[in-house]
Amino acid sequence: MSESSSSLTAAALPSRPMAYGALALSMTLVGCYVALSKPLVAVFPVFLLAWLRFGIGGVAMVGWLRRPPDEPPQTGRTRLLLFLEAFIGNFLFTLLVMAGMHLSSAVSASVIMACIPAVVALLGRVFLGERLTPRILASIVCAVAGVSLLALSRPHGAAAAAIPAADKAWLGQLLLMGAVCCEAAYSVIGKCLTSSLSARRITSIVNLWGLVLATPLGLYAASRFGFAAVSWQLWALLVFYALAACVWSISLWMTGLRVVPASQAGVFTVFLPAGTALTGVLVLGERLAGMQLLALGLAVAGVLIATSPLPGRRMDRQDGDIST
């Protein structure tokens, strides 16, 4: 019976190439929906868009809210951490990304989002006492250099035309950097929660909190918004955006983590800035200038330095989670 059970378990696991594909597709989806929030925020007010996003995600994840029988009762500390996870890593992150994309370009966002591993390492050092290794320090240097080059560059072509006030691109980049800090805080707080809650439960609960936080201003914005003027193509994009952020990227990530160790899976975060940049260029008509391309190269190098496993080092298998 045990042989039958183990063979069923092995059959249910994806192959390693499929797991790699799931991880790559997950991060590519994250990069794509960050870029695709730009045309959405050009039509929907930020609070209304956030409310609709959390609402669609909540409907899709309603089954994830059910408490499994083996989950321990939540303590006051766990409830507080869940609220902070929702407020900082979900609610504020979503608002900052939307507002930042309104004043910036997808290419700029790709460079800034690549700073996430470096900022996670810094917050882990400050709040969890984790050690900053030489390669993490090198990753931070690459991230800072990439963002500095980005700050010196100017948007071109469709990217400049799509920004309402091109002279405020620096503000959009600052808002996106704030979103990166929120995402890093999500990861650090999540490390404290995964010992007692599953990734699906954490994701569904923080999404529910995000819906609660966005509802007052979301309802106010909805009462003054002309929904009839929104095309069906934009509604379809909104549904894709919400499902990609709340369900698909998370499910794909967890599928990959069933086979690939989390420390090795981190390498696939390189697909996030690549997905954002490619979506900006291929879908939104933006153009990569020379300095922006160099900034993106430095940012991607920083991700690879921070997340690539060291040769010959044994990696333990562990759980992981991503946010949106």
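Residues numbered from 1 in each chain as written. Predicted model: local features only at pLDDT ≥ 70, side-chain atom pairs only at ≥ 80, totals over all residues. Heavy atoms only, no water.

A.B. asks: When you look at the overall build of the chain in this model, what are you seeing that I'm missing?
C.D. replies: Each helix and strand in the chain was counted, giving 14 helices and 0 strands. Listing the helices and strands of the chain from first to last along the sequence gives α-α-α-α-α-α-α-α-α-α-α-α-α-α. Relative to its full complement of 324 residues, the chain shows a buried share of 48%. Put simply, of all contacts in the chain between residues at least 6 apart along the chain, 92% involve residues at least 24 apart. When the accessible surface of the chain is summed, it comes to about 14900 Å², and 69% of that surface belongs to carbon and sulfur atoms. (Helix = DSSP H or I, 4+ residues; strand = E, 2+ residues; numbered from the N terminus. Buried < 20%, exposed > 50% of the residue type's maximum accessible area, 1.4 Å probe, protein only. Contact = heavy atoms within 4.5 Å. Areas by Shrake-Rupley, 256 points an atom, 1.4 Å probe, with all protein chains shown as cover.)

A.B. asks: How do you make sense of the packing of aromatic side chains when you look at a structure like this?
C.D. replies: For any pair of aromatic rings, geometry is given as the distance between the ring centres together with the angle between the planes. Within this structure, the stated rule accounts for 11 aromatic pairs. With centroids separated by 6.0 Å and ring planes inclined at 10°, the aromatic side chains of phenylalanine 83 and phenylalanine 87 adopt a geometry described as stacked. Of the two residues, phenylalanine 83 and phenylalanine 87 both sit in helix 4 (residues 76-103), 4 residues apart, roughly one turn of that helix. Owing to a relative accessible area of 28%, phenylalanine 83 belongs among the partly exposed residues under this scheme. A ring pair is formed by phenylalanine 227 and tryptophan 235, whose centres lie 6.1 Å apart and whose planes are at 15°; its orientation type is stacked. On the accessibility criterion, tryptophan 235 (28% relative accessible area) is partly exposed. (Phe/Tyr/Trp six-rings, centres within 6.5 Å; stacked < 30°, edge-to-face > 60°.)

A.B. asks: What's the story with a nonpolar patch on the surface in this structure? I'm lost.
C.D. replies: Together, Val126, Phe127 and Leu128 make up a nonpolar patch on the protein surface, roughly 320 Å² of accessible area in all. Inspection of the secondary structure assignment puts valine 126 in helix 6 (residues 116-128). (Patch = residues over 30% accessible without salt bridge, like charges linked within 9 Å, V, L, I, M, F, W, Y side chains within 5 Å. Salt bridge = Lys/Arg side-chain N within 4 Å of Asp/Glu carboxyl O.)

A.B. asks: Help me understand the environment of glycine 21 in this model?
C.D. replies: Tracing the sequence through the fold places glycine 21 in helix 2 (residues 16-41). According to the relative accessible area criterion, glycine 21 is partly exposed, its value standing at 35%.

A.B. asks: So what exactly am I meant to see when it comes to the side chain of serine 204 here?
C.D. replies: Relative to the assigned elements, serine 204 resides in helix 10 (residues 199-223). The contact partners of serine 204, leaving out residues within four places of it in the chain, are Met61, Trp64 and Leu65.

A.B. asks: Is there a simple way to explain the environment of glycine 124 in this structure?
C.D. replies: Structurally, the position occupied by glycine 124 is in helix 6. Glycine 124 sits 61 residues away from alanine 185 along the chain, and the two C-alpha atoms are 8.8 Å apart. Here glycine 124 is in contact with Gly129, Glu130 and Val188, once residues within four sequence places are set aside.

A.B. asks: Hey, could you run me through helix 7 (residues 134-152) in this one?
C.D. replies: Residues spaced three or four apart along an α-helix face the same direction, because each turn holds 3.6 residues. Compared with the 27 Å implied by 1.5 Å per residue over 19 residues, the 27 Å span of helix 7 between its first and last C-alpha is a close match. Burial in helix 7 covers these residues: Ile136, Ser139, Ile140, Cys142, Ala143, Gly146, Leu149 and Leu150. Buried-residue contacts for helix 7 involve helix 5 (106-113), helix 6, helix 9 (169-193) and helix 14 (290-307). (Expected span 1.5 Å × (residues − 1).)

A.B. asks: Please clarify how the confidence of the model for the chain should be interpreted in this entry.
C.D. replies: Any region with low pLDDT has predicted coordinates that should not be read closely. Residues at a pLDDT of 70 or more form 86% of the chain, whose mean pLDDT is 83. Highest mean pLDDT in the chain belongs to helix 3 (residues 46-60) (95); lowest belongs to helix 1 (residues 2-12) (46). Note on residues 1-11: pLDDT under 50 across the span, and 0 contacts to partners over four residues away in sequence or across chains. For the stretch residues 313-321, pLDDT sits under 50, and the model shows 22 contacts to residues farther than four places along the chain or on other chains. (pLDDT = per-residue confidence, 0-100.)

A.B. asks: What is the right way to read the packing of helix 2 against helix 4 from this model?
C.D. replies: When two helices pack together, their arrangement is given by the angle between the helix axes and the distance between those axes. Remark: helix 2 packs on helix 4, axes separated minimally by 8 Å, with the N-to-C direction vectors making an angle of 75°. Taken together, the axes of helix 2 and helix 4 are roughly perpendicular relative to one another. Counting all contacts with helix 2, which are made through Val34, Ala35, Ser37, Lys38 and Val41, the residues of helix 4 involved are Val97, Met98, Met101 and His102. Tallied by class, the residues present in the contact of helix 2 with helix 4 amount to 6 nonpolar, 2 polar and 1 charged. (Axes fitted to C-alpha atoms, helices over the stretch in contact; angles between N-to-C directions. Parallel < 35°, antiparallel > 145°, perpendicular 65-115°, else oblique. Nonpolar A, V, L, I, M, F, W, Y, C, P; charged D, E, K, R; others polar.)

A.B. asks: Just checking my understanding: could you explain the packing of helix 4 against helix 10 for this structure?
C.D. replies: Two numbers describe how helix 4 lies on helix 10: the axes approach to 8 Å, and their chain directions differ by 70°. Overall, the two elements helix 4 and helix 10 adopt an arrangement that is roughly perpendicular. Residues Leu82, Phe83, Glu85, Ala86, Phe87, Asn90 and Phe91 of helix 4 pack against Ile202, Ile205, Val206, Asn207, Trp209, Gly210, Leu213 and Ala214 of helix 10. Across the contact of helix 4 with helix 10, the residue classes tally to 11 nonpolar, 3 polar and 1 charged.

A.B. asks: Sorry, what's going on with the nonpolar core here?
C.D. replies: Across soluble globular proteins, you tend to see nonpolar side chains buried next to one another. Grouped together as the largest cluster of nonpolar side chains are 72 residues, with contacts concentrated most on Leu40, Phe44 and Met113. The element best represented in this core is helix 2, accounting for 12 residues. Each residue touching methionine 113, except ones within four places of it in the same chain, is listed here: Val34, Phe93, Val97, Leu176, Ala179, Val180 and Leu272. If you look at the next biggest cluster of nonpolar residues, it comprises 10 residues, including Tyr186, Ile202, Ile205 and Val206. (Core = buried A, V, L, I, M, F, W, Y, C linked by side-chain atoms within 4.5 Å.)

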